[in-house]
Amino acid sequence: MIIGILGPLDSVVRIEKYLKEIDSSLETRLYTKEKIIESVDLIEKCEYECDGIILTGCGVYEEIIKNYEIKKPHSFVQRSDTSILKAFWDIRNLNMEIDKFSIDVVEDEMVENIIDEFEIKNTEMFCLPFSTNINEDNYLDWHINLYKSGKINIMITGFMNIYNQIKEKGYPIVLLRPTRSLVKASYDEVMSKHAISKAESSQIAVEIFNFGNYSNNIENYYSNMIKKTDIDKYIISYVRSINGAVFPFGRNEYIIFSNKGSVNKNSNYEKLLKLQKEIKALGFDLNVGIGFGATAFKAEINATKALERGIDSKEFYIYSIDEDENLTGPLGMDNEISYCIIPNDKSILEISNQTGLSCETISKIIGISEVRGSRIYDSKELAGYLDISDRSARRILQKITSAKLGKVYAKESSKGAGRPKNLIEILF
């Protein structure tokens, strides 16, 4: 396993040292940026090259997740009581008293507990815990202003960039460093997530291919058999690419067995869309349903349900259903959403009771709203997303507003004749 360590150089090197002590066989790769705001520049490369990621601290972690969704197993090394104790030890090694100091990143209660536990006397402590609303420059100014005003004698920071800047000015400062125990906790978390991810990827995947317009008409019998030979070539080539096994069912269906890790990724969905086009060129329409499960039986049942959704769409959309009954699709399309077709969320059940709508419709609307980034619809727009008539969409919006779970956001005036359309904001 390869673990990438991302953050300022000093912390990265220290974490690597501890990781090698914890697991000598572990392969590590280092990705360094001194400024937290620049760390996001390296995360994509780090994720591509590594199996797991350890970030050097909460600042690096929060900056990255604001701009990037990390999919690989990851964790960050916290700064906790052991880091504070190490910082206090470093202050004593500088022959200074722990009497007046400023400290960032950690919570003041944590610092106060250590001061009480070790009976450190006459302490004046200023604490500024980590917050995503405070940038590095704000922390820097806060430390320096306290020092210049004479309120503190030394500074403690969890930010390498701040440490380096204050060190250059000649002011007394120590670093809240990652400790071996905290690195071990982060390493254990990454390994645990990796094991879970590996187990999920090893789940059984079943894909069902169905040719909805395959004809047994005697006039097409021989020509269809010839074309079927070409179709088989395309399907076998696809199955080989996912290390699967294929079994024909009658004249118009195939069932393919593989694993979730090979099937459940964008590159595979692109292959399936390409396969649909290739088979379309031969005169056949290919419907695809994908199911995942811990057993072949469960995966096949889910694939059958997903196939039915694709056939019902009339657009040859591809859907998948996972072991938790989450339906995702249309796969490989811009309007892809995910929602549970058998929700057990009490809030969704309550909304269903209040509106008279099915749990699946409510889950789908929630999923659509998350993708759109908006909960405001007119009936025509909602109809397009739900693949229903404008009239049915108006009925759904009426039920939602009648249950006080939606309200008129605005009225959209039409250019020609006719009543203005209501824009409805859905409140759940």
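Residues numbered from 1 in each chain as written. Predicted model: local features only at pLDDT ≥ 70, side-chain atom pairs only at ≥ 80, totals over all residues. Heavy atoms only, no water.

Chemist: Explanation requested: empty space enclosed by the protein in the structure shown.
Modeler: Empty space among the atoms becomes apparent when a probe as large as a water molecule is rolled across them. A full pass over the atoms with the stated rule returns one cavity of 30 Å³ or more. When its volume is computed, the largest cavity comes out at roughly 120 Å³. Of the residues assigned to the lining of the largest cavity, the class counts are seven nonpolar, five polar and one charged. (1 Å grid on protein atoms, 1.4 Å probe; cavity = no way out; pocket = protein on both sides within 12 Å on 5 of 7 lines; lining within 4 Å. Points joined across faces, edges and corners; volume = space filled by probe spheres on them. Nonpolar A, V, L, I, M, F, W, Y, C, P; charged D, E, K, R; others polar.)

Chemist: So what exactly am I meant to see when it comes to the sheet that holds strand 7 (residues 154-157) here?
Modeler: In sheet architecture, strand pairing relies on hydrogen bonds along the backbone and comes in two forms, parallel and antiparallel. Spatially, the four strands line up as an open sheet ordered 6-5-7-8, and their pairing is parallel. The strands lining the two open edges of the sheet, one partner per strand, are strand 6 (124-129) and strand 8 (173-175). Across this sheet, the average inter-strand angle for adjacent strands is 15°, counted without regard to direction. Pairing between strand 5 (residues 100-105) and strand 6: six bridges, direction parallel. Bridging across to strand 6, Asp-104 finds its partner in Leu-128. The sheet contacts of helix 6 (residues 136-148) involve strand 5, strand 6 and strand 7, and relative to strand 5 the element is tilted by about 175°. In the packing of helix 7 (residues 160-169) onto the sheet, contacts are made with strand 7 and strand 8, and the angle to strand 8 comes to roughly 155°. (Pairing = 2+ DSSP bridges. Helix = DSSP H or I, 4+ residues; strand = E, 2+ residues; numbered from the N terminus. Axes fitted to C-alpha atoms, helices over the stretch in contact; angles between N-to-C directions. Contact = heavy atoms within 4.5 Å.)

Chemist: Any chance you could explain helix 5 (residues 108-117) here in plain terms?
Modeler: Two residues of an α-helix separated by three or four positions point the same way, owing to the 3.6 residues in each turn. Val-111, Ile-114 and Ile-115 are the residues of helix 5 that are buried. In a view along the axis of helix 5, the buried residues occupy a sector of 100°, so they form one face of it. For helix 5, the exposed residues lying more than 90 degrees away from the buried face are Glu-109, Asp-116 and Glu-117. Looking at the packing, one finds that the buried side of helix 5 touches helix 4 (81-93), strand 5 and strand 6. Just downstream of helix 5, Glu-119 is the residue with a positive phi angle, here 50°. (Buried < 20%, exposed > 50% of the residue type's maximum accessible area, 1.4 Å probe, protein only. Arc of directions from axis to C-beta.)

Chemist: What am I meant to see in the side chain of Thr-28 here?
Modeler: Secondary-structure assignment places Thr-28 in strand 2 (residues 27-32). In this structure the side chain of Thr-28 is engaged in a polar contact, spanning 2.8 Å, whose partner is the side chain of Glu-16. (Polar contact = N/O pair within 3.5 Å; in protein donor to acceptor, adjacent residues only side chain to side chain.)

Chemist: Any chance you could explain the sheet that holds strand 14 (residues 326-329) here in plain terms?
Modeler: Read from one edge of the open sheet, seven strands run 10-11-9-12-13-14-15, paired in mixed fashion. Both outer strands of the open sheet, strand 10 (245-249) and strand 15 (337-340), are each paired with one neighbouring strand and no more. With direction set aside, neighbouring strand axes in the sheet form an average angle of 20°. Examined bridge by bridge, strand 13 (residues 319-321) and strand 14 share two bridges and lie antiparallel to one another. If you follow Ile-321 over to strand 14, its bridge partner there is Leu-327. The strands that helix 12 (residues 296-313) touches are strand 9 (204-211), strand 11 (253-259), strand 12 (286-293), strand 13, strand 14 and strand 15; relative to strand 12, the one it contacts most, it runs at about 145°.

Chemist: Please clarify how the layout of surface pockets should be interpreted in this entry.
Modeler: Here the largest pocket is characterised by a volume of approximately 1200 Å³. If you go around the largest pocket, you meet 26 residues; those closest to its centre are Lys-71, Ser-197, Glu-200, Ser-201 and Asn-264. Where the lining of the largest pocket is concerned, the elements lending two or more residues are helix 8 (180-201), helix 10 (260-263), helix 11 (266-280) and strand 14. The element that contributes the greatest number of residues to the lining of the largest pocket is helix 8, accounting for six residues. Taken together, the residues of the lining of the largest pocket sort by class into four nonpolar, ten polar and twelve charged.

Chemist: Which parts of the structure should I look at to understand the packing of helix 13 (residues 346-355) against helix 14 (residues 359-372)?
Modeler: The description of two helices packed together rests on the angle between their axes and the distance between the axes. Close contact between helix 13 and helix 14 brings their axes to 9 Å; oriented N to C, the two are set at 115°. Considering the angle they form, helix 13 stands roughly perpendicular to helix 14. Note that helix 13 runs across helix 14; the crossing there is right-handed. Between helix 13, through Ile-348, Leu-349, Ile-351, Ser-352 and Thr-355, and helix 14, the contact on the second element is made entirely by Cys-359, Ile-362, Ser-363 and Ile-366. Of the residues that constitute the contact of helix 13 with helix 14, the class distribution is six nonpolar, three polar and no charged. (Parallel < 35°, antiparallel > 145°, perpendicular 65-115°, else oblique. Left-handed = near helix turned anticlockwise from the far one by under 90°.)

Chemist: Is there a simple way to think about the environment of Leu-140 in this case?
Modeler: Inspection of the secondary structure puts Leu-140 in helix 6. For the pair Leu-140 and Ile-166, spaced 26 residues apart in the sequence, the C-alpha separation amounts to 8.0 Å. Beyond its immediate stretch of four places on either side in the chain, Leu-140 contacts Ile-162, Gln-165 and Ile-166.

Chemist: Looking at this model, I keep getting lost on a negative patch on the surface. Mind explaining?
Modeler: A cluster of acidic residues, Glu-107, Asp-108, Glu-109, Glu-112, Asp-116, Glu-117 and Glu-119, forms a negative patch at the surface. With respect to the helices and strands, the residue Glu-109 is situated in helix 5. (Patch = residues over 30% accessible without salt bridge, like charges linked within 9 Å, V, L, I, M, F, W, Y side chains within 5 Å. Areas by Shrake-Rupley, 256 points an atom, 1.4 Å probe, with all protein chains shown as cover. Salt bridge = Lys/Arg side-chain N within 4 Å of Asp/Glu carboxyl O. Lys, Arg positive; Asp, Glu negative; His and termini not counted. Charge placed at Lys NZ, Arg CZ, Asp CG, Glu CD.)

Chemist: Please explain the nonpolar core as it appears in this structure.
Modeler: Note that soluble globular proteins tend to have their nonpolar side chains buried in a common cluster. Formed by 31 residues in total, the largest nonpolar core has its most connected members in Leu-6, Leu-55, Ile-64 and Ile-166. Considering every element that reaches this core, the biggest residue donor is helix 6, with five residues. Of all hydrophobic cores here, the second largest spans 27 residues; its members include Tyr-319, Ile-341, Ile-365 and Leu-382. (Core = buried A, V, L, I, M, F, W, Y, C linked by side-chain atoms within 4.5 Å.)

Chemist: It is not clear to me how the pattern of salt bridges should be interpreted in this structure. Could you clarify?
Modeler: Note that side chains of opposite charge can pair when their charged atoms are close. Per the stated rule, a full pass over the model turns up 18 salt bridges. A salt bridge links Glu-189 to Lys-193; the shortest N-O distance between them is 3.2 Å. Of the two residues, Glu-189 and Lys-193 both sit in helix 8, four residues apart, roughly one turn of that helix. Under the relative-accessibility criterion, Glu-189 is labelled partly exposed at 35%. Where Glu-323 meets Lys-260, a salt bridge forms, and the shortest distance between an N and an O atom there is 3.5 Å. On the criterion of sequence distance, the pair formed by Glu-323 in the loop between strand 13 and strand 14 and Lys-260 in helix 10 is long-range, its members being 63 residues apart. Of the residues examined, Glu-323 reaches a relative accessible area of 23% and is grouped as partly exposed. Via salt bridges that share partners, Lys-17, Glu-21 and Arg-180 belong to a single interconnected network.

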